[in-house]
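# What the coordinates show
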Amino acid sequence: MAKGICKRYLNGEQKKGHPQYSKSYEKMLTLKLPDGATREVPEGTLPREIVASIGPRLLRDAIAVKVDGEIQDLITPLRKGGDFRVLTEKDPESLAVLRHSGAHILATAVRRLRPDAKIGFGPAIEDGFYYDFEVEQPFTPEDLSQFESEMKKVIAEKYPFTREEVSQGEAKKRFSDDPLKLERLGEFSAEEIISTYTDGPFIDLCRGPHVPDTSYLKNFKLLHTAGAYWRGDEHRQMLQRIYATAFWKKEDLEEHLHRLEEAKRRDHRVLAQQLDLYSTDPRVGPGLILWHPKGAIIRNEIEEYERALILRHGYDLVFTPHIVSEKLFQISGHLENFKENMFGAMDVEGASYRPKPMNCPGHICIYQSHQRSYRDLPIRYAEFGAVYRYERSGVLHGMMRVRGFTQDDAHIFCTLEQVPAEIERLLDLCDEMLKTFGYPYTIELATRPDKALGEPERWKQAENTLAEVLKKRGQEFTYDEGGGAFYGPKLDFKLIDAIGRKWQGPTVQLDFNLPERFGLEYTGADNTPHRPTMLHRVLVGSMERFVGGLIEHYAGAFPLWLAPEQVRVIPIADEVKDFAKTVVERLKARGVRAHLDDRSETLNYRIRDGEVHKVPYMAVVGKREAEADSIALRVRGAGKKQEVITVADFLARVEDELAMRALKP
């Protein structure tokens with residue numbers, strides 16, 4: 001049946017008596033091609049017909065089309081006009097189409113080998129795709145190997161992806177043995193178009209888009225399995241999720257797999273244990289970090305650097321309580337818009353208190369503690385404030401996703417006229433900070449989400465203000481539609497680490513709503529009350545997440561200024577221990593974190609231990625070095641190479657690197 005309908009679509013043979021036909025097909029659509037030409041076509045025309053009319057070679061290369069900004073495959077009838085562009089392998093957007101098709105091919109293989117598997121969803125994601133299955137026994141690595149082999153058979157069979165539109169009743173009949181699909185079907189409105197895609201023996205409830213047939217998937221790899229709650233609800237059943245990836249080119253796949261291996265090597269959870277930086281304890285609670293002395297050194301260095309930086313940029317430091325009255329979050333809108341991410345209320349003498357998820361309401365209260373004049377503005381408050389957010393246990397991940405963290409929050413209260421200049425200052429501040437840590441970055445302008453405070457017009461005004469400042473300084477950026485905070489649009493800085501991954505970095509948020517909700521005022525030059533504008537910003541954001549990201553960025557080999565142990569002095573024999581001690585003392589006198597390793601272990605063992613702990617400098621001293629007041633210097637990453645240098649010259653070298661916050665020793 002499915003093939004028959006699609007064949008009639010392809011041949012343009014629909015008749016008024018056919019069930020798939022409707023009067024709407026008589027409506028004409030206008031398509032604008034990239035060269036400026038236009039085409040008038042009946043509604044319901046298949047994109048492949050239009051592509052074929054442009055040229056047979058283009059039809060051969062076509063993967064999908066983009067119509068009025070939306071991607072659809074070649075066999076989905078057109079229902080609207082607009083800009084019309086053909087996507088081929090050369091277009092980055094086509095990769096998601098390939099990967100979504102890969103998810104269906106994976107499900108086809110799984111159902112062949114495990115007919116009892118109930119099927120969930122199989123979307124394309126940023127680096128690949130996944131598919132969820134409900135099975136009695138979790139999948140094993142051996143299962144993945146078998147599924148991958150079966151996928152290759154499905155690919156070789158070159159099954160076309162056949163699309164069919166069906167009624168609600170027909171869909172329920174076809175998926176009667178799949179409760180997960182039946183649940184999804186029950187959520188469809190009467191007006192929604194229900195479509196299925198079939199490849200060989202497998203049929204799935206799906207909107208598409210898909211590549212023309214299964215043979216398009218040539219370069220793919222099944223990666224691993226993980227548990228995933230159905231619909232992301234921890235109260236629902238646990239499914240088995242198979243993660244995979246796919247690329248058009250073999251070399252792109254190989255490069256990606258190499259990057260994944262490198263990411264494993266850099267896993268901050270493994271390296272932090274090796275370097276003794278932090279731990280968690282079930283007695284304390286999941287998602288709550290215990291900073292060990294070495295980890296605390298790194299954190300303290302970052303805080304001291306940032307504190308000096310923001311004081312230079314005109315901030316005042318403040319502190320606010322860890323728990324506050326729930327009434328504050330009613331005013332701010334957090335209870336209305338952020339409650340699912342907040343910890344429950346605690347009763348204090350009949351009043352409800354909560355651990356704070358944000359620092360901004362407290363900073364607002366400090367602003368309101370005095371009458372403010374336009375002469376006082378801008379006011380810039382900054383805090384290293386502990387905040388607490390309820391993250392589900394399934395998403396907790398080392399230092400990256402936690403329930404308690406320190407946020408380097410700041411809030412700027414200014415006049416509307418001062419906003420562009422303050423955003424400029426913030427962009428300069430973020431740039432200086434990120435260069436210090438060696439991060440290139442991109443910027444995204446996140447716009448109004450579905451769940452938002454305030455009028456859309458104010459949001460558009462705020463979004464335009466952010467965009468204009470970026471454009472004026474020639475700063476490239478992209479839009480993240482719907483990604484703003486509930487109280488205002490924001491600029492998200494995405495850090496690019498050493499292996500090309502992006503991390504959440506600084507954010508700058510423009511907020512017209514909280515000043516309104518709290519009734520903030522300042523007295524203007526006209527001696528009447530005015531409403532200030534508020535800017536929110538973080539630099540590192542979550543200190544825990546930032547340090548976790550640094551561990552992976554540097555692969556645990558921190559720059560000298562951040563390294564918990566900066567220099568390890570290793571005497572070769574007992575007779576030079578006293579000289580080695582004086583070297584350590586001279587280093588410590590200059591503020592260097594130096595350690596004497598005079599254990600009775602062999603020299604090679606002690607050097608190897610220093611390498612494992614990624615110490616930037618190891619100063620080996622023997623009789624000749626003691627007599628010449630020098631050291632045999634081993635630099636991290638330089639292998640067995642040694643450089644003989646006087647202690648005085650080494651002290652000067654280390655001091656210079658610390659002063660410059662050099663990224664490499």
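In case you missed it, the structure is sitting above this.
What this report covers is the structure whose coordinates are included nearby. (Residues numbered from 1 in each chain as written. Predicted model: local features only at pLDDT ≥ 70, side-chain atom pairs only at ≥ 80, totals over all residues. Heavy atoms only, no water.)

## What to know about the packing of helix H10 (residues 293-312) against helix H14 (residues 419-436)
It is the contact of H10 with H14, at a shortest axis distance of 11 Å, that shows an interaxial angle of 155°. Here H10 lies roughly antiparallel to H14, going by the angle between them. Read as a crossing pair, H10 and H14 show a hand that is right-handed. Touching Tyr-305, Leu-309 and Arg-312 of H10 are Leu-429, Glu-432, Met-433 and Thr-436, all from H14. Considered class by class, the residues forming the contact of H10 with H14 number 4 nonpolar, 1 polar and 2 charged. (Axes fitted to C-alpha atoms, helices over the stretch in contact; angles between N-to-C directions. Helix = DSSP H or I, 4+ residues; strand = E, 2+ residues; numbered from the N terminus. Parallel < 35°, antiparallel > 145°, perpendicular 65-115°, else oblique. Left-handed = near helix turned anticlockwise from the far one by under 90°. Contact = heavy atoms within 4.5 Å. Nonpolar A, V, L, I, M, F, W, Y, C, P; charged D, E, K, R; others polar.)

## Thoughts on the sheet that holds strand E21 (residues 404-414)
Spatial strand order, E16-E20-E21-E28-E25-E24-E22-E23: 8 strands in an open sheet with mixed pairing. For this open sheet the edge positions go to strand E16 (316-317) and strand E23 (478-480), each flanked by a neighbour on one side alone. Note: strand E22 (residues 441-446) against strand E24 (residues 490-496), 6 bridges, orientation antiparallel. Bridging from a neighbouring strand, Ile-443 pairs with Phe-493 of E24. Sitting on the sheet, H14 is in contact with strand E20 (379-388), E21, E22, E24, strand E25 (502-511) and strand E28 (533-542), with an inclination near 5° to E28. With respect to the sheet, helix H17 (residues 543-553) is in contact with E21, E24, E25 and E28, its orientation differing from that of E28 by roughly 45°. (Pairing = 2+ DSSP bridges.)

## Considering the sheet that holds strand E10 (residues 194-199)
Spatial ordering of the open sheet is given by E9-E10-E11, a layout of 3 strands whose pairing is antiparallel. What marks the edges here is a single partner per strand, and that holds for strand E9 (162-166) and strand E11 (202-205). Geometrically, the sheet is characterised by an average inter-axis angle of 25° between neighbouring strands, direction not taken into account. As paired elements, E9 and E10 share 5 bridges and run antiparallel to each other. Pairing of Arg-163 across the sheet is with Tyr-197, part of E10.

## Things to note about the pattern of salt bridges
The tally for this structure, following the rule as stated, stands at 62 salt bridges. Residue Lys-181 pairs with Asp-204 through a salt bridge whose shortest N-O separation is 2.8 Å. Of this pair, Lys-181 sits in helix H7 (residues 179-185) while Asp-204 sits in strand E11, and the two are 23 residues apart along the sequence. Judged by relative accessible area, which is 2%, Lys-181 ranks as buried. As a salt-bridge pair, Arg-307 and Glu-303 come within 3.7 Å of each other at their nearest N and O atoms. Taken together, the residues Arg-307 and Glu-303, both in helix H10 and 4 residues apart, mark about one turn of the helix. One network of salt bridges, with partners in common, ties together Glu-183, Arg-184, Glu-187, Arg-231 and Arg-236. (Salt bridge = Lys/Arg side-chain N within 4 Å of Asp/Glu carboxyl O. Buried < 20%, exposed > 50% of the residue type's maximum accessible area, 1.4 Å probe, protein only.)

## Here's the deal with unusual backbone geometry
At the junction of Gly-208 and Pro-209, the peptide bond is cis and its omega measures out at 0° in the coordinates. In this fold, Pro-209 is placed in the loop between E11 and strand E12 (219-229). Put simply, Leu-377 and Pro-378 share a cis peptide bond, and its omega is 0°. For Asp-68, which is not a glycine, the phi torsion comes out positive at approximately 50°. With respect to the helices and strands, Asp-68 occurs in the loop between strand E3 (64-67) and strand E4 (70-72).

## Some details on the packing of aromatic side chains
What the rule picks out here adds up to 17 aromatic pairs. Summarising the aromatic geometry, the rings of Tyr-381 and Phe-413 are spaced 5.9 Å apart at their centres and angled 65° between planes, so their arrangement reads as edge-to-face. Taken together, the residues Tyr-381 in strand E20 and Phe-413 in strand E21 connect sequence positions 32 residues apart. Judged on exposure class, the residue Tyr-381 and its partner Phe-413 are both buried. (Phe/Tyr/Trp six-rings, centres within 6.5 Å; stacked < 30°, edge-to-face > 60°.)

## Re the nonpolar core
One finds Ile-302 and Phe-437 to be the most contacted residues of the largest nonpolar core, which totals 83 residues. Looking at this core element by element, the count peaks at 8 residues for H14. Counting 39 residues, the second largest nonpolar core, distinct from the first, contains Ala-117, Leu-144, Phe-161 and Trp-248. (Core = buried A, V, L, I, M, F, W, Y, C linked by side-chain atoms within 4.5 Å.)

## Quick word on a nonpolar patch on the surface
On the surface, a nonpolar cluster with roughly 200 Å² of combined accessible area is contributed by Ile-323, Met-346 and Val-348. Mapped onto the fold, Ile-323 is located in strand E17 (residues 323-325). (Patch = residues over 30% accessible without salt bridge, like charges linked within 9 Å, V, L, I, M, F, W, Y side chains within 5 Å. Areas by Shrake-Rupley, 256 points an atom, 1.4 Å probe, with all protein chains shown as cover.)

## Comments concerning H17
Among the 11 residues in H17, 10 count as buried, and that is most of the element. Within H17, the full set of buried residues consists of Met-543, Glu-544, Phe-546, Val-547, Gly-548, Gly-549, Leu-550, Ile-551, Glu-552 and His-553.

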